[in-house]
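What follows is the residue order along each chain.
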Amino acid sequence: MKKLLLILVLGMISLFSQNEKMVKAIEKNVAILDTARSIETAKLLINNFERIADVETGEWIAQYYASVANSAYSMREKDNVLKEKIIDKAEFYINRADSLNPNNSEIYLIKSVIVYARISISPMERYMTMLPLATKYMATATELDPENPRTYLQSGLILLFTPEMMGGGKAKAKPLLLTAKEKFEKFVPASSIHPNWGRPHLAELLEYVDKP
Amino acid sequence: MKFLLLLLILPITIFSQTKISGTIRSTQGELLAGANFFIKGSYDGASSDVKGNFEFTTTETGEQILVSSYIGYKTKETKIVLDGKPLTFDLKLDPDSKILKQVTISAGSFEASDERKSVVLKPLDILTTAGATGDLSSALNTLPGTSQVGETEGLFVRGGSSAETKTIIDEMIVQNPYFSNVPDVPQRGRFSAILFKGTIFSTGGYSAQYGQALSSTLILKSIDLPPDTRSSFGLLAAGFNAVHTQRWENTAVSVSADYFNLAPYNNIIPQRVEWDEAPVGKAGTFLFRQKTGKSGMYKFYGTFSNSQLSLYQQSLDDPTFKPRFQLNNTNFYLNTSYSDIVLNDVAFFAGYSYSNNNDDLQLNTFPANRDDQLHQFKVKGTKNIAENAFLTVGAETWFLKADDSFSSLKANLEDKYYAGFAETDFFLSDFAAFRIGTRYEYSDYLKKANIAPRVSFALRVREDDQINFAYGQFYQTPDRQFLYQGKNLDYERADHYILNYQNIGAKTTFRIEGYYKDYKSLMKRNITGPVFGVPEYKNNGSGYAKGIDVFWRDRGATFENIDYWISYSWLDTERDYRDFPTIATPTFASEHTLTLVYKQAFRALNSFIGFTYTFSSGRPYYNPNNPVFNGDRTPVQHSLSFNGSWLTTIFGNFAIVYVSITNLPGYENIYGYRFSTDGARRQEVIAPALRTYFVGVFISFDYK
């Protein structure tokens, strides 16, 4: 009886320590994610999140962050061939996340970001064929969770850098960014490791829109 | 009991820690910052700093694998034993040759692909080049090495006729890539540029994996899996097209239907061809893709088309006589293939293609029919045989059956063709690449074999500069009209020597290439026997083609949204073949060809415009009044084409409006002359219409 209890207790310790291990590891890296500025930090985050994702292949959140780290860095890579490879990695991880947790707003948002990143590699050629897919994913993300502040943040960001003649610019982007701010104020993540990034970036953008 | 409990819990609380540290460099000595090091299957790991140093402690024990990875380099796995003693490593990573391979074999070829770094064109360039209206070969005609031959379809490469270029889709031959020839009315290619993810247009010196083309190959790779489920509908000036694509995770099916009827269009736009029944046609395609496992892909592509037209030609011998030409064409093409990585590192490919083309003709009162069927089987494997070397080995076989009839005369032939090839690619670090290959061919009809060596070499002399060289022998079975008539025939042959220099920068490309083609064993009509003699075809024709091609492209380097390229070719070619009475320049070759392509994107308006200007010096034509055979030259030819596209939304769905006009200024280009038998009268060979207009709206619907 005591032996059985022992085995049970030992078993439960290992179960909890595994998930707790992942949660702790992700928490540590998520803390740096929002304010990561340098290329070194960006690469560090990619490596850290990928290591977690490659072990925790059944956890969608681990796959999600590995994708976010790669997507975020991809916009900084100047070499188009490497950039494409980094985006391929981002896509690989987000597809895993999607198959583990389908119809998730945060995942669709990243899918959209990835398509926009691909367009940026060769805009003149890819613009016309890939834009429909990028906007489709963004619309799906907003529809799946209208309270997700990050979809308004990303839509606002894209509109901000779209030329005015095509319906973009600061004036048009501002309402979306303000909606994002409003949603952020109400937003409470489902856990300490559920997606909660974007506030510092939004603050910077709001400052930028108000400048003449 | 309590002691036992403590003992059991102890292993959980006391961790054995091993410290792992080291430096990471590339095999060229470069320090790598931000590389990832970790124990396989564990979180434990670290990233290297700016000095390439890394350090971490791990609680794993025993036999483990240390993984080192960095984007652009081959991931390395090192076996280690963790027992508490600190470990240091001095690691080196090799560049991933698929990504960073700086040297690529390119003598005599232009590659259009989204995947590779050193490419000259992107697939979408083909769709957006003015004058091309989405037709692949029209866009390729703006590259150096091609002659502008306005009156007929096909690619005329470096002094070679259109029959000397073969079109290949996914490694398999396409027997009839163009709609059937109609006298003086150039036909479009059958395949839309949207279907392809990559194109390699070789103007000479192509790989031993392909054969039966004296001049060049157009190698097309179709898209793998279309990105999503969508439908699109296109309304064109002369017809419509509908496509539906269904995408599942690893499977895709696409079905399309096309219909065209040029009658209304021909009534509005003045035609210089006297149409009886304007071209009408329908086509359908079916595409299937299945991803199998991690690296396997099964592809199926099938297309069917039927078209008919009839027109009146003017006889020069008798002005009252207008013979009627009628053509009813049915074409069926099927291409299926399977590729995968087997035995760990062998890339395996197997494919089958079937082409069936039937032309039912009515030449005034005489019926005629041309029918051909081709079955092709091909297998090949590529293996990484050494650090920087690949070996490709393969074989293919073709079964060709052709039936021709004219009035009551009939002729037919069957040929079984077998070929085997072996080719090795090896790289010397990142500054030199070699490709050496051999191809063996045997034709059962000719009862002859040939062995063709091919060699290419590329040398990177500076960061973006490369010198390339290629030599090869190329054989082609004579055209079937000669196979019917001749006995003891042999392959026609061309030996290519190519040398080029190229500079491919981030946004600019410069290329200059010189070539010499030595044609041997061409079909030639000999008159044998006494008095009138009997014409007999033998392989005693010959010829040469030499020239220089220059290409310059600026893709947004000078002006942000402007992409332009200039290509110039100088060609000197003569042949003594077929019915030529003496050595002379063939009618499809012009000495100077200059093309300027200009494209500009207007992001604010979501639109794109393009212009293409081409100039070519006069081409030879046969004038019975001139004692010098092919001694006359047509006037110079120029053309300026425009195209524009605009991306918009119609009822919330994405739509593209596309407009194209060829020969905007209305130059009256004369491609040649036809003479009456007595040489007294002549008629200009000109385009069927002065300008060609194309307008289309394509709407695409996606599904949520």
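Residues numbered from 1 in each chain as written. Chains lettered and ligands numbered in written order. Predicted model: local features only at pLDDT ≥ 70, side-chain atom pairs only at ≥ 80, totals over all residues. Heavy atoms only, no water.

Novice: How would you sum up the overall build of chain A? Please name residues and give values.
Specialist: The helix and strand tally for chain A stands at 9 helices and 0 strands. Listing each helix as α and each strand as β along chain A from the N terminus yields α-α-α-α-α-α-α-α-α. Here chain A holds 212 residues, and 49% of them are scored as buried. (Helix = DSSP H or I, 4+ residues; strand = E, 2+ residues; numbered from the N terminus. Buried < 20%, exposed > 50% of the residue type's maximum accessible area, 1.4 Å probe, protein only.)

Novice: I'd like a description of the packing of aromatic side chains, backed by residues and values.
Specialist: Residues and elements named next belong to chain B. Under the counting rule described, the total for this entry stands at 34 aromatic pairs over all chains. Ring plane angle 80° and centroid distance 6.5 Å describe the contact between phenylalanine 377 and phenylalanine 399, whose orientation is recorded as edge-to-face. A residue pair is termed long-range when its members are at least 10 positions apart, and phenylalanine 377 in strand β20 (residues 366-386) and phenylalanine 399 in strand β21 (residues 389-406) qualify at 22 residues. According to the relative accessible area criterion, phenylalanine 377 is partly exposed, its value standing at 41%. (Phe/Tyr/Trp six-rings, centres within 6.5 Å; stacked < 30°, edge-to-face > 60°.)

Novice: Got a sec to walk through the nonpolar core? Specific residues and values, please.
Specialist: Judged by nonpolar contacts, the single largest core of 46 residues is most densely connected at Ile26, Tyr64 and Leu153 of chain A. Elements represented by at least two residues in this core include exactly α1 (2-33), α2 (39-55), α3 (60-74), α4 (80-100), α5 (105-121), α7 (149-160), α8 (170-186) and α9 (199-210) of chain A. For this core, the element with the most residues is α3 of chain A, which contributes 9 residues. Those residues in contact with tyrosine 64 of chain A that sit more than four places away from it in its chain are Ile94, Ala97, Glu106, Ile107, Ile110, Pro195 and Trp197 of chain A. One finds Leu140, Val174, Tyr178 and Val597 of chain B within the second-largest nonpolar core, a separate group that totals 20 residues. (Core = buried A, V, L, I, M, F, W, Y, C linked by side-chain atoms within 4.5 Å. Contact = heavy atoms within 4.5 Å.)

Novice: Provide a residue-level description of the side chain of threonine 477 of chain B, including the pertinent values.
Specialist: Residues and elements named next belong to chain B. Examined against the element boundaries, threonine 477 turns out to sit in the loop between β25 (465-476) and α6 (480-485). One polar contact links threonine 477 to glutamine 212, side chain to side chain, over a distance of 3.0 Å. Residues in contact with threonine 477, not counting those within four places in the same chain, are Gln212, Leu446, Leu483 and Tyr491. (Polar contact = N/O pair within 3.5 Å; in protein donor to acceptor, adjacent residues only side chain to side chain.)

Novice: Provide a residue-level description of the pattern of salt bridges, including the pertinent values.
Specialist: Counting across every chain of the model gives 42 salt bridges over all chains. In this structure, arginine 370 of chain B engages aspartate 359 of chain B in a salt bridge whose closest nitrogen and oxygen atoms are separated by 3.2 Å. Within this pair, whereas arginine 370 of chain B is found in strand β20, its partner aspartate 359 of chain B is found in strand β19 (residues 346-363), the two being separated by 11 residues in sequence. Since its relative accessible area comes to 4%, aspartate 359 of chain B is described here as buried. Each member of the salt-bridge network shares a partner with another, and the members are Glu84, Asp88, Glu91 and Arg118 of chain A. (Salt bridge = Lys/Arg side-chain N within 4 Å of Asp/Glu carboxyl O.)

Novice: Explain the sheet that holds strand β5 (residues 62-69) of chain B to me, and be specific about the residues and the numbers.
Specialist: Backbone hydrogen bonds hold the strands of a sheet together, and the pairing may be parallel or antiparallel. Read from one edge to the other, the open sheet built from 4 strands follows the order β3-β2-β5-β6 (chain B), with strand pairing classed as antiparallel. Bordering the open sheet on either side are β3 (45-47) and β6 (76-82) of chain B, each of which pairs with just one other strand. Ignoring strand direction, the axes of neighbouring strands in this sheet form an average angle of 15°. For strand β2 (residues 36-39) of chain B and β3 of chain B, the ladder comprises 3 bridges, and the chain directions are antiparallel. Among the inter-strand pairings, phenylalanine 38 of chain B is bridged to a residue of β3 of chain B, identified as glycine 45 of chain B. Where α2 of chain A meets the sheet, its contacts fall on β2 and β3 of chain B, and the angle it forms with β3 of chain B comes to roughly 160°. (Pairing = 2+ DSSP bridges. Axes fitted to C-alpha atoms, helices over the stretch in contact; angles between N-to-C directions.)

Novice: Outline α2 of chain A, supporting the account with residue identities and numerical values.
Specialist: Residues and elements named next belong to chain A. Taking 1.5 Å of rise per residue, 17 residues should cover 24 Å, and α2 covers 25 Å from first to last C-alpha, within 8% of that figure. Here α2 lies mainly inside the structure; 12 of its 17 residues are buried. Buried within α2 we find Thr41, Ala42, Lys43, Leu45, Ile46, Asn47, Asn48, Phe49, Glu50, Arg51, Ile52 and Ala53. (Expected span 1.5 Å × (residues − 1).)

Novice: Please give an account of unusual backbone geometry that cites residues and values.
Specialist: Its identity is not glycine, yet asparagine 103 of chain A carries a phi of approximately 55°, on the positive side. Mapped onto the fold, asparagine 103 of chain A is located in the loop between α4 and α5. Positive phi is not limited to glycine here, since asparagine 364 of chain B has a value of about 55°. Relative to the helices and strands, asparagine 364 of chain B is located in the loop between β19 and β20. Among the residues examined, asparagine 364 of chain B registers a relative accessible area of 28% and is labelled partly exposed.

Novice: I'd like to hear about the side chain of aspartate 371 of chain B, residue by residue, with values.
Specialist: All names here are of chain B. Mapped onto the elements, aspartate 371 comes out in strand β20. The side chain of aspartate 371 sits in the buried core without any salt bridge; lysine 401 is the nearest counter-charge, 6.8 Å away. Reaching out from aspartate 371, the side chain makes a polar contact with the side chain of asparagine 358 at a distance of 2.6 Å. In contact with aspartate 371, other than residues within four places in its own chain, are Asn356, Asn357, Asn358, Lys401, Ala402, Asp403 and Arg480. (Lys, Arg positive; Asp, Glu negative; His and termini not counted.)

Novice: Any chance you could break down the packing of α3 of chain A against α4 of chain A for me, citing the residues and the numbers?
Specialist: All names here are of chain A. Orientation of α3 relative to α4, taken along the N-to-C sense of each, is 155°, at an axis distance of 8 Å. Considering the angle they form, α3 stands roughly antiparallel to α4. Considering how the two elements wind past one another, α3 and α4 form a crossing that is left-handed. Residues Trp60, Gln63, Tyr64, Ala66, Ser67, Asn70, Ser71, Tyr73 and Ser74 of α3 touch α4, and the partners they reach there are Lys83, Ile86, Ile87, Lys89, Ala90, Tyr93, Ile94, Arg96, Ala97 and Leu100. Taken together, the residues of the contact of α3 with α4 break down into 11 nonpolar, 5 polar and 3 charged. (Parallel < 35°, antiparallel > 145°, perpendicular 65-115°, else oblique. Left-handed = near helix turned anticlockwise from the far one by under 90°. Nonpolar A, V, L, I, M, F, W, Y, C, P; charged D, E, K, R; others polar.)

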